[in-house]
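# Architecture at a glance
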Amino acid sequence: MRVFSGIQPTSQLHIGNYLGVIKPWIDLQSANNECLFWVADLHALTVPYKPIELKKRTSEVVAAYLTAGLDPKKSIIFRQSDIKEHTELCWLLSTITPLGDLQRMTQFKDKSAKHAKNINAGLLNYPVLMAADILLYQTDLVPVGEDQKQHVELAKTLGKKFNNKFGEIFNLPKAVIPKSGARIMSLTEPNKKMSKSDTPTSYIALFDSPEEIKKKISSATTDSGKEVKFDIKNKAGVSNLLTIYSLFSEQPISEIEKQFKNKGYKEFKESLAELLIKKLKPFRELEAKPEYIDDILKQGAEKAQVIATETIQKVKKSMGLI
Ligand code: AQP
């Protein structure tokens, strides 16, 4: 299977990005799939950003990929803006995309509300660029968190529509959503997704110091009860912390509930903080060598370019452009 997925270099990566996608990528890479993992720097331009930070964030994302276990010998690791066919195909696909479909997208509505002073056309066209990313590589599987499922479905719809109109060009992708960890919630507002563009107290970044981890976990929102029990409806905060505990410790939630029976939230949170400090140590100790990262991106782009060129040629031919 050809696997394709990426992350935006918008801010520091958090444990939601790690549990929702990076961890599942490692399993897909180990299962001998043909994997392409990339940095979505063009998507990152749709929200306010500092140009000087973009390259640094891109390197951090690649460094996090490598620390987590992505292997450039097994997977193609590249940067979106290095392959110009992404934007070319985005334009071509936009000519068959109904405006109403884009206006209906949950992310567009959420981000428009969050960045009310910067509702740019890129934010609206984000899913068309994402469809171009996916279809350009004739992707089979797109591992994503719950929030991106709607965009992958649109990519499939546009691929199908294009094939019906111009001939069988695109492979139709399928979203792969993990059973647990697909929607890690904010530490401060457990009814909202953990997001890297929110306030830093709401997420644990992969590079957070032990002190920051302890502070953020101890002040994570829970409830007025005492019982460490999974109950999304009445105990959203505790349930989220249990999910995080379970995924990092690889223990079932029921075991963790037993372990903390009659022990209260303080002890549970201290133990979770210790677990995170231990598990995130490799990210903290990471020494990102810029030349090494540039080299990986360059080699990745060369390999990705071959697939992208082949697809765009077929697309342009079928549309009467060649
Ligand atoms: N809280 C989350 N739980 C599980 N998975 C998540 N993902 C994001 N947040 C969670 C998944 O991570 C991948 C990369 O996300 P992205 O950087 O492309 O953009 P996003 O989905 O918009 O993530 P953020 O953290 O909320 O970033 P900002 O704040 O920049 O918009 C995706 O597959 C996503 O599902």
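Before any of the text, the structure's been laid out above.
Residues numbered from 1 in each chain as written. Predicted model: local features only at pLDDT ≥ 70, side-chain atom pairs only at ≥ 80, totals over all residues. Heavy atoms only, no water.

Ranked by size, the top nonpolar core spans 56 residues in total, and within it Ile22, Tyr65 and Phe248 carry the most contacts. The set of elements that each furnish at least two residues to this core consists of β1 (2-7), α1 (15-30), β2 (34-39), α2 (51-68), α8 (210-218), α9 (236-249), α11 (264-279) and α13 (290-318). Tallying contributions element by element places α1 first for this core, with eight residues. Filtering out sequence-adjacent residues up to four positions away, phenylalanine 248 remains in contact with Ile15, Tyr18, Leu19, Leu275, Leu276, Lys279 and Leu280. (Core = buried A, V, L, I, M, F, W, Y, C linked by side-chain atoms within 4.5 Å. Buried < 20%, exposed > 50% of the residue type's maximum accessible area, 1.4 Å probe, protein only. Helix = DSSP H or I, 4+ residues; strand = E, 2+ residues; numbered from the N terminus. Contact = heavy atoms within 4.5 Å.)

We note that glutamine 138 has phi near 50 degrees; this positive angle belongs to a residue other than glycine. With respect to the helices, strands and loops of the structure, glutamine 138 is situated in the loop between α6 (121-136) and β4 (141-143). Residue glutamate 250 is not a glycine yet carries a positive backbone phi of 55 degrees. Position of glutamate 250 relative to the elements: it lies in the loop between α9 and α10 (253-259). Relative accessible area serves as the criterion here: at 64%, glutamate 250 is assigned to the exposed category.

Time to look at the packing of aromatic side chains. What describes a pair of aromatic rings is the distance from one ring centre to the other and the angle between the planes of the rings. The full count for this structure, using the stated rule, is 14 aromatic pairs. Taking 5.7 Å as the distance between ring centres and 15 degrees as the angle between the ring planes, the aromatic pair formed by tyrosine 18 and phenylalanine 248 counts as stacked. One end of the pair, tyrosine 18, is in helix α1; the other, phenylalanine 248, is in helix α9, with 230 residues separating them in the sequence. Its relative accessible area of 5% is what places phenylalanine 248 among the buried residues. Pairing phenylalanine 78 with tyrosine 137 gives two aromatic rings, centres 5.6 Å apart and planes at 50 degrees, and the pair type is tilted. One end of the pair, phenylalanine 78, is in strand β3 (residues 75-79); the other, tyrosine 137, is in the loop between α6 and β4, and 59 residues separate them in sequence. The structure contains a cluster of three or more aromatic residues connected by ring pairs, namely Phe4, Trp38, Phe78 and Tyr137. (Phe/Tyr/Trp six-rings, centres within 6.5 Å; stacked < 30°, edge-to-face > 60°.)

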